[in-house]
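For reference, the chains in residue letters:
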Amino acid sequence: MDLSRLQTLTKTDPKGYRDEFLRQHQQFLTQLQIYLLKPSKDHKPFSSLVKYLSQVAPYYPSELSIFPSQLGELLEQNYAILEPDLRLILVQALALLRNRNLLPPTSLLGLFFKLFKCPDKRLRKFLHSHIVSDIRKINKLKKDNKTNREVLNFMQMALQEEGNPVASRKALEILTELYIRGTWRDEKTVNIITQGVFSKDTKVVVTTINFFLSRGGKIEEDDEDNIKTLKKVPNKWAIKKDVMHPATVKTRSKKKKLKSELKRAKSERKKAEEDAADDTLHYNMGAIQLIHDPQGYCQKVFSVLRRSRESFETKVLLMNFISRLICTHQLMLFKFYTFLQKYLRPYQKHITTILAILAQSCHPLVEPSVLEPIVKGIANNFVSDKTDNEIITVGINAIREITIRCPLVMQAPLLQDLVRYRKSKHKGVSSAAVSLMTLFRTINPSLLERRTRGRDVDLTIKPLEYGEVEVCLLYTSDAADDLL
């Protein structure tokens, strides 16, 4: 009898086909002994028996109590020499038994992570999807804290295992995917992922950093996505042409429709501009905020950067990650600014990215004396008559971004020299200088020359001194009555 037909009949009447099941089970045991000694390439009869027994296992739990361990032993001993199709069938059989709760959740993790060593793309894809779906199924109705703790401990061991880089990568991929899907969004998961930065495998390091530097954990595309979003919003002329076509009669309903369409487009454009300007949407801020001891962790990552012998692109990723840590947690890591200073040259590779990293790492708690030599170095190297106009534009814009975050860094002579470039014939240079002048008109106009301050300027406007904080007092209605 065909095993697929027998499988259907056995599920319909388990007691009536018990003898036939025992006969097939005995045949499986005989072939299993042969495969344990010397696996054969002709695996179709054995594969059919494995499929049959895994399907009817819930109906004969006592007879097949050691069936999963037998499959696991065969895989563990001979996974490297088994035929790829047979290996996948054995793994699918174990996954089916786990889906039917015939195996505990953590029983297959060790074996499956060992199987990640196999150079089999189909097998790795199936293992990855099964582990993720199984963990999501466990936590679908409510969080199973005990199982989650056991699985997370195993993932942490796999991530830190140096002898098996493939298992480390897969553990990291599973952790990040479960975070993105919202299954594991706790502090323990994030802090296990943070350990990937200290791995000796470059792929693990890059994947970890991309997780924190991407939007909500997803791999970030270029910054041009924000521009594309703005371009998708139609302007008022396109809406008028679409709604109020010259050949159509301008009725009251069409005028009303035009008004509503213009209002909707205005609100969409405003929201798109706000999203593009919101820096917290450009990286995984929620995950960075969950990192334990951010100051100590940032110092460790900085030591990794200083000792790193990886490619310059990987070093730039590490710089960006450290910069995000500093700006998110307002950290004190003054050696980082000195480290960046040696890369601040006009023709340095990825110089615009490095300048952006420098600017985003600045915050009000950084001492002005730390940033003053860096700002002067940018002005000397980038902003001079001997350099190209594009380089001057980049230099002035970088200084502007730094002074937005740390206004006390700017000195009057330097500011006045930079503002003089507003008369440049190059549009980019003049726009950058005017933008810097406009900024200091609002935050500290006394540093500007009298002719560049503008009209009706309040010279009493000053930035807060280093360490000074504005105190906002909130009074309740009862407290206000007491004061009166």
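Keep in mind that what you see is a predicted model, and the values were worked out from it rather than measured. (Residues numbered from 1 in each chain as written. Predicted model: local features only at pLDDT ≥ 70, side-chain atom pairs only at ≥ 80, totals over all residues. Heavy atoms only, no water.)

Engineer: Quick one: what's the story with the overall build of the protein chain, residue by residue and with numbers?
Structural biologist: Check the secondary structure of the protein chain and you find 24 helices and zero strands. In the protein chain, buried positions account for 43% of the 484 residues. Considering only residue pairs separated by 6 or more positions, the protein chain has 66% of its internal contacts joining residues 24 or more positions apart. (Helix = DSSP H or I, 4+ residues; strand = E, 2+ residues; numbered from the N terminus. Buried < 20%, exposed > 50% of the residue type's maximum accessible area, 1.4 Å probe, protein only. Contact = heavy atoms within 4.5 Å.)

Engineer: Break down a nonpolar patch on the surface for me, citing the residues and quoting the values.
Structural biologist: A grouping of M332, L365 and Y466 is seen on the molecular surface, where their side chains present a nonpolar patch of about 250 Å² in accessible area. Turning to its location among the elements, M332 is positioned in the loop between helix 17 (312–329) and helix 18 (334–341). (Patch = residues over 30% accessible without salt bridge, like charges linked within 9 Å, V, L, I, M, F, W, Y side chains within 5 Å. Areas by Shrake-Rupley, 256 points an atom, 1.4 Å probe, with all protein chains shown as cover. Salt bridge = Lys/Arg side-chain N within 4 Å of Asp/Glu carboxyl O.)

Engineer: Now, about unusual backbone geometry: what can you tell me, with residues and values included?
Structural biologist: The phi dihedral of N101 is positive, around 60 degrees, even though this residue is not glycine. With respect to the helices, strands and loops of the structure, N101 is situated in the loop between helix 5 (84–99) and helix 6 (109–115). The exposed category is assigned to N101, whose relative accessible area is 59%.

Engineer: Lay out the pattern of salt bridges in plain terms, naming residues and giving numbers.
Structural biologist: According to the stated counting rule, one finds 15 salt bridges in the structure shown. Across the salt bridge formed by R169 and D201, the nearest N and O atoms sit 2.5 Å from each other. Of this pair, R169 sits in helix 9 (residues 165–180) while D201 sits in the loop between helix 10 (187–194) and helix 11 (202–213), and the two are 32 residues apart along the sequence. By relative accessible area, which is 16% here, D201 ends up buried. Across the salt bridge formed by E313 and K349, the nearest N and O atoms sit 2.8 Å from each other. With E313 in helix 17 and K349 in the loop between helix 18 and helix 19 (351–360), the pair connects residues that are 36 residues apart, well separated along the chain. Among the charged side chains, a network of salt bridges with common partners joins D417, R420, E449 and R451.

Engineer: Can you break down the packing of aromatic side chains residue by residue, with the values?
Structural biologist: Remark: the centre distance and the inter-plane angle together describe each pair of aromatic rings, the angle taken between the planes. On inspection of all chains with the given rule, the structure shows 16 aromatic pairs. With a centroid separation of 6.1 Å and an interplanar angle of 65 degrees, the aromatic rings of F336 and Y337 are classed as edge-to-face. Take Y337: its relative accessible area is 1%, and that puts it in the buried class. Stacked on the ring of Y179, the Lys or Arg R185 has its end atom at 4.4 Å from the ring centre. (Phe/Tyr/Trp six-rings, centres within 6.5 Å; stacked < 30°, edge-to-face > 60°. Lys NZ or Arg CZ within 6 Å of the ring centre and 35° of its normal.)

Engineer: Report on the side chain of S47, specifying residues and quantitative values.
Structural biologist: Following the sequence through the fold, S47 ends up in helix 3 (residues 44–56). On the accessibility criterion, S47 (4% relative accessible area) is buried. Not counting chain neighbours up to four residues away, the residues in contact with S47 comprise L86 and I89.

Engineer: Please give an account of the packing of helix 7 (residues 121–138) against helix 9 that cites residues and values.
Structural biologist: For the pair helix 7 and helix 9, interaxial distance at closest approach is 10 Å and the crossing angle is 40 degrees. Taken together, the axes of helix 7 and helix 9 are oblique relative to one another. Relative to helix 9, the crossing made by helix 7 is right-handed. Across the interface between the two elements, R124, H128, I131, V132, I135 and R136 from helix 7 touch V166, K170, E173, I174, E177 and L178 from helix 9. Residues belonging to the contact of helix 7 with helix 9 are distributed by class as follows: six nonpolar, one polar and five charged. (Axes fitted to C-alpha atoms, helices over the stretch in contact; angles between N-to-C directions. Parallel < 35°, antiparallel > 145°, perpendicular 65-115°, else oblique. Left-handed = near helix turned anticlockwise from the far one by under 90°. Nonpolar A, V, L, I, M, F, W, Y, C, P; charged D, E, K, R; others polar.)

Engineer: Which residues make up the packing of helix 5 against helix 7, and what values do they have?
Structural biologist: Their axes nearest at 11 Å, the elements helix 5 and helix 7 cross at an angle of 5 degrees. For the element pair helix 5 / helix 7, the angle class is roughly parallel. Along its contact with helix 5, which presents D85, R87, L88, V91, Q92, A95, R98 and N99, the element helix 7 presents R122, L123, F126, L127, H130, D134, K137 and I138. When its residues are assigned to classes, the contact of helix 5 with helix 7 shows seven nonpolar, three polar and six charged.

Engineer: Run through helix 23 (residues 427–443), naming residues and quoting values.
Structural biologist: Compared with the 24 Å implied by 1.5 Å per residue over 17 residues, the 25 Å span of helix 23 between its first and last C-alpha is a close match. Every buried residue belonging to helix 23 is among V429, S430, A432, A433, L436, M437, L439 and F440, and all of these are buried. As for helix 23, its buried residues are in contact with helix 21 (389–405) and helix 22 (412–419). (Expected span 1.5 Å × (residues − 1).)

Engineer: Got a sec to walk through helix 22? Specific residues and values, please.
Structural biologist: For helix 22, every residue scored as buried is listed here: L414, L415, L418 and V419. Each buried residue of helix 22 lies within a common arc of 130 degrees when the element is viewed along its axis, so the set occupies one face. Next to the buried residues of helix 22 lie helix 20 (368–382), helix 21 and helix 23. (Arc of directions from axis to C-beta.)

Engineer: Can you tell me about the nonpolar core, naming the residues and giving the values?
Structural biologist: In terms of nonpolar packing, the biggest core is built from 131 residues, with F113, L115 and F336 touching the most fellow members. Apart from the residues within four sequence positions on either side, L115 is in contact with L75, Y79, V91, L123 and L127. (Core = buried A, V, L, I, M, F, W, Y, C linked by side-chain atoms within 4.5 Å.)

Engineer: Quick rundown of the environment of P364? Include the residues and the values.
Structural biologist: Within the secondary structure, P364 sits in the loop between helix 19 and helix 20. Overall, P364 belongs to the exposed group, its relative accessible area being 54%. Expressed as a C-alpha distance, the spacing of P364 and Y466, which sit 102 residues apart in the sequence, is 7.3 Å. With residues near it in sequence (within four places) discarded, P364 still touches Q330, R405, C406 and Y466.

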